[in-house]
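# Structural description and commentary
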Amino acid sequence: TTPSGGGFSGGAPSSSDTYTVTIIASVGGKVTPEGQKKYEDGEKITVKAIADKGYVLKELLVDGVSVGAKAEYTLEITRAYRIEAIFEKVGCTEETCPMAAFSDLVYTAWYHDGVHFALESELMVGMSRTKFEPDGKVTRAQLVTILWRMENEPVVNYLMTFKDVPQDVWYAEAVRWATAEKIVNGYNDLEYGSNDAITREQMATMLYRYMQYKGYDVSTAADISSYADFDSISEYAVSAIQYAVGSGLIKGRSANTLNPADTATRAEIATLMQRFCEKTK
């Protein structure tokens, strides 16, 4: 007799299972492939970890478990995985640190990691061959140039109308790129404010727009309405500061003030950029 119910059901076989694999890198290097991608069950992938100048691969983590400092690692996909390459700085001493070239930098100061990172990654340079000026102000031209360097100094075809950005000045291409990509705006069509010290709200806005340009998630938003100086934040900067505070990029100057019109020092910007790069890796 033929059994009824609960038996084999005909039809086309189901397609192969797929699993999401997340592959990321810490500051100090990159991985290929990178990001999130779906792979079929049984597929083999090879992850390559490449350290930046001044960094070494410390270890490769697969679901939080170290498989050693393997620059290449092949695995067969049988489930979802999270793979992370951890890089660390090559140890430096007071004599070998890139800060040693500048007589006004202190190796043991609070800003060591940030300034070391900014110099080593060539996001920032000294104000002269021997002076970094850690307490100096950062101008609008300088910050936009840092972001431009992070993008490997792209050249764009865009007609600027700013009278205070001469075509042959060192920051002209950085302003041209950032304006074309809507990362920065001038005060008006004719004035960029190149040499003005950048304020905290301008800084937050540039980073926020840069992250949008890169396609990063900027949905994190802190409730900043309890800060005593909330009403002094320019309207254009509110969303940017909500994100910057919520994501930990910037903090209040005190428990209840944000000081949006204050300026930041070069050492503070270097530290911020290190934090920013760690967050966007």
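Residues numbered from 1 in each chain as written. Predicted model: local features only at pLDDT ≥ 70, side-chain atom pairs only at ≥ 80, totals over all residues. Heavy atoms only, no water.

## Let's talk about helix 3 (residues 172-180)
- In terms of burial, helix 3 is largely enclosed, as 7 of its 9 residues are buried.
- Listed in full, the buried residues belonging to helix 3 are A172, A174, V175, R176, W177, A178 and T179.
- Elements in contact with the buried residues of helix 3: helix 2 (140-150) and helix 4 (200-214).
- Looking one or two residues beyond helix 3, the residue adopting positive phi is K182, at roughly 65°. (Buried < 20%, exposed > 50% of the residue type's maximum accessible area, 1.4 Å probe, protein only. Helix = DSSP H or I, 4+ residues; strand = E, 2+ residues; numbered from the N terminus. Contact = heavy atoms within 4.5 Å.)

## Regarding the nonpolar core
- Formed by 84 residues in total, the largest nonpolar core has its most connected members in I83, L143, L147, M203, I269 and M273.
- Leave out the neighbours within four places in its chain, and I269 touches M124, V138, L143, I146, M203 and A264. (Core = buried A, V, L, I, M, F, W, Y, C linked by side-chain atoms within 4.5 Å.)

## Brief notes about helix 1 (residues 112-120)
- Within helix 1, 7 of the 9 residues are buried, which leaves it mostly tucked inside the rest of the structure.
- Buried residues along helix 1 sit in contact with strand 5 (55-62), strand 8 (81-89) and helix 6 (266-280).
- In the segment just after helix 1, E122 is the residue with positive phi, at about 60°.

## A look at the packing of aromatic side chains
- This model, assessed by the stated rule, comprises 9 aromatic pairs.
- On the basis of an interplanar angle of 70° and a centroid distance of 6.0 Å, the ring pair of F102 and F132 is categorised as edge-to-face. Of this pair, F102 sits in the loop between strand 8 and helix 1 while F132 sits in the loop between helix 1 and helix 2, and the two are 30 residues apart along the sequence. Just as F102 is buried, F132 falls in that class too.
- Ring geometry for F162 versus Y192: centroids 5.6 Å apart, planes at 45°, classification tilted. A residue pair is termed long-range when its members are at least 10 positions apart, and F162 in the loop between helix 2 and helix 3 and Y192 in the loop between helix 3 and helix 4 qualify at 30 residues.
- These aromatic residues form a ring-pair network of at least three members: W177, Y210, Y213 and F276.
- Over the face of the ring belonging to Y192 we find R140, whose NZ or CZ atom lies 4.4 Å from the ring centre. (Phe/Tyr/Trp six-rings, centres within 6.5 Å; stacked < 30°, edge-to-face > 60°. Lys NZ or Arg CZ within 6 Å of the ring centre and 35° of its normal.)

## With respect to the environment of T108
- In this structure, T108 sits in the loop between strand 8 and helix 1.
- Residues T108 and Y19, 89 residues apart in the sequence, show an inter-C-alpha distance of 46 Å.

## Let's talk about the confidence of the model for the protein chain
- In this model, the protein chain carries an average pLDDT of 89, and 94% of its residues clear a pLDDT of 70 or more.
- Mean pLDDT across the secondary structure elements of the protein chain bottoms out at helix 6, with 87, and peaks at helix 3, with 97.
- Note that pLDDT drops below 50 for residues 1-14; the model gives that stretch 0 contacts with residues more than four away or on any other chain. (pLDDT = per-residue confidence, 0-100.)

## Remarks on the packing of helix 1 against helix 6
- Their axes nearest at 7 Å, the elements helix 1 and helix 6 cross at an angle of 75°. By the angle class used here, helix 1 and helix 6 are roughly perpendicular. Every residue of helix 6 that contacts helix 1 at D113, G114, V115, F117 and A118 is listed here: A267, A270, T271, M273, Q274 and C277.
- Looking at the contact of helix 1 with helix 6 residue by residue, the class counts come to 7 nonpolar, 3 polar and 1 charged. (Axes fitted to C-alpha atoms, helices over the stretch in contact; angles between N-to-C directions. Parallel < 35°, antiparallel > 145°, perpendicular 65-115°, else oblique. Nonpolar A, V, L, I, M, F, W, Y, C, P; charged D, E, K, R; others polar.)

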